[in-house]
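Okay, here's what each chain looks like letter by letter:
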Amino acid sequence: MTDLLLDYAKEKWIDGKFKEAYDLATTAKELDPYFLNVNNLCAAYRVDYVVETKKNKVGQTDLYAILGLNPYDPSLTIDTINSTFCKLVKLVHPEVLSSPVAEGALRFITIAWETLTNESTKETYDVRNGVTHKTGTGSGSGSDQRAQVIRVGMKRCRLMEDSSRMICAKRAGYHM
């Protein structure tokens, strides 16, 4: 049953009906949360659904919504954005999820991450979209964490608990 729902979700995604594809993938996840790649597909379909439907005040795609973050959260930091980015990339990376939806989802997640982790582009984006923060966004104390991170391309991600390395963002062959 779960595999039929995921096949139907793929058909809906191909037809450009992203909300229906996301709803079907979510239903499949609720039916069998341990089915192969159901969490990954659900995350990828969610990204496409958010890109299509969640718009900010000026009518553009909401980059915070792509990452599943609240732009008005006073505890939002660069570290939080990086952590969320790593979690999403580990779910939708094309090496983990061999589906056409994975490439697009990874591209959107990477664009959101690149914009929101660069202080100048984040500030420009926030001002243009009317996002005001009551407290400043800081990157936290990163010097003590440097020994426990791996560097992949331009992105640093923490090592997983079992100390195995996982690719966070494959830059080669990726075009925006």
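Everything discussed here concerns the structure shown above.
Note that residues are indexed from 1 along each chain, following the sequence as it is written. At least 70 in pLDDT is required for a residue's local features to be given in this predicted model, at least 80 for side-chain atom pairs to be given and counted, and no such filter applies to totals for whole chains, interfaces and linings, which use all residues. Side-chain numbers come from the whole structure's heavy atoms, not from hydrogens or water.

This part takes up the overall build of the chain. The secondary structure listing takes helices from DSSP runs of H or I that are at least 4 residues long and strands from runs of E that are at least 2 residues long, numbered from the N terminus. Looking only at helices and strands, the chain features seven helices and two strands. Listed N to C, the secondary structure of the chain is α-α-α-α-α-α-α-β-β in terms of helices and strands. When each of the 176 residues of the chain is scored for burial, the buried share is 40%. Counting only contacts in the chain whose residues sit at least 6 apart along the sequence, the fraction spanning at least 24 positions is 57%. The cut-offs for exposure are 20% and 50% of the maximum accessible area for each residue type, with area from a 1.4 Å probe on protein chains only; residues under the lower value are buried, those over the upper are exposed, and the others partly exposed. Residues count as neighbours in contact if any of their non-hydrogen atoms are within 4.5 Å of one another.

What follows is about the pattern of salt bridges. Criterion for a salt bridge: a side-chain nitrogen of Lys or Arg within 4 Å of a carboxyl oxygen of Asp or Glu. Under the criterion given, the structure shown has three salt bridges. Of the charged contacts in the structure, one is a salt bridge between D23 and K19, with a shortest N-O distance of 3.1 Å. Of this pair, D23 and K19 are both found in helix α2 (residues 18-31), four residues apart, which corresponds to roughly one turn of the helix. Residues K122 and D126 are paired through a salt bridge, measuring 3.0 Å at the closest nitrogen-oxygen approach. On the criterion of helical spacing, the pair formed by K122 and D126 is a turn pair, its members being four residues apart in helix α7 (residues 119-128).

Put simply, a patch holds well-exposed residues, over 30% relative accessible area, that have no salt bridge, with like charges counted together within 9 Å and Val, Leu, Ile, Met, Phe, Trp or Tyr side chains within 5 Å. Exposure was quantified through the Shrake-Rupley algorithm and a 1.4 Å probe, taking into account, for residues, occlusion by the shown protein chains and nothing else. Here the positive residues are Lys and Arg and the negative ones are Asp and Glu; neither His nor the chain ends is included. To locate a charge, take NZ of a lysine, CZ of an arginine, CG of an aspartate or CD of a glutamate. Negative charge collects at one region of the surface, where D3, D7, E11 and D15 lie side by side. Among the structural elements, D3 can be located in helix α1 (residues 2-14).

Our focus in this paragraph is the nonpolar core. Y45, I66, L67, I81, I109 and L116 are the most contacted members of the largest nonpolar core, which has 41 residues in total. Residue assignment for this core shows that the elements contributing at least two residues are α1, α2, α3 (38-53), α4 (63-67), α5 (78-92) and α6 (100-117). A total of ten residues in this core trace back to one element, the largest contributor, which is α3. Not counting residues up to four positions away in its chain, the partners in contact with I109 are V47, I66, L67, F85, L88, V89 and V92. Buried Ala, Val, Leu, Ile, Met, Phe, Trp, Tyr and Cys residues form a nonpolar core when they are joined through side-chain atoms within 4.5 Å.

Given a helix with a known number of residues, its expected span is that number minus one, times 1.5 Å. Under the 1.5 Å per step criterion, the end-to-end length of α5 is 21 Å for 15 residues, consistent within 8% with the ideal 21 Å. Among the residues of α5, those classed as buried are I78, I81, N82, T84, F85, C86, L88, V89 and V92.

Before going further, it helps to spend a moment on the packing of α1 against α2. Think of each axis as a best-fit line through the C-alpha atoms, taken over the contacting stretch in the case of a helix, with angles from 0 to 180 degrees between the N-to-C directions. For the pair α1 and α2, the least separation of the axes is 8 Å and the interaxial angle reads 165°. With respect to their mutual orientation, α1 and α2 come out roughly antiparallel. Considering the relative orientation of α1 and α2, their crossing is left-handed. Packed against α1, whose contacting residues are T2, L5, L6, Y8, A9, K12 and W13, the element α2 presents F18, E20, A21, L24, A25, T27, A28 and L31 at the interface. Across the contact of α1 with α2, the residue classes tally to eleven nonpolar, two polar and two charged. Orientation categories follow fixed angle ranges, with anything under 35 degrees roughly parallel, anything over 145 roughly antiparallel, 65 to 115 roughly perpendicular, and all other angles oblique. Here a crossing is taken to be left-handed if its near helix is turned anticlockwise relative to the far helix by less than a right angle, and right-handed if that turn runs clockwise. Residue type decides the class: Asp, Glu, Lys and Arg count as charged, Ala, Val, Leu, Ile, Met, Phe, Trp, Tyr, Cys and Pro as nonpolar, and the leftover types, Gly among them, as polar.

Moving on, we get to the packing of α3 against α6. It is the contact of α3 with α6, at a shortest axis distance of 9 Å, that shows an interaxial angle of 60°. The angle between α3 and α6 falls in the class oblique. Helix-helix and strand crossings are classified by hand; for α3 and α6 the assignment is left-handed. Along the contact surface, α3 presents L41, A44, Y45, V47, D48 and V51, while α6 presents V101, A105, F108 and I109. Grouping the constituent residues of the contact of α3 with α6 by class yields nine nonpolar, no polar and one charged.

We now examine the environment of Y125. With respect to the helices, strands and loops of the structure, Y125 is situated in helix α7. A residue is classified by how much of its surface remains accessible, and Y125, at 3% relative accessible area, is buried. Each C-alpha atom of the pair Y125 and T115 lies 7.8 Å from the other, and the pair is ten residues apart in sequence. Setting aside residues no more than four positions away along its own chain, Y125 makes contact with N56, T61, D62, L63, Y64, T115 and L116.

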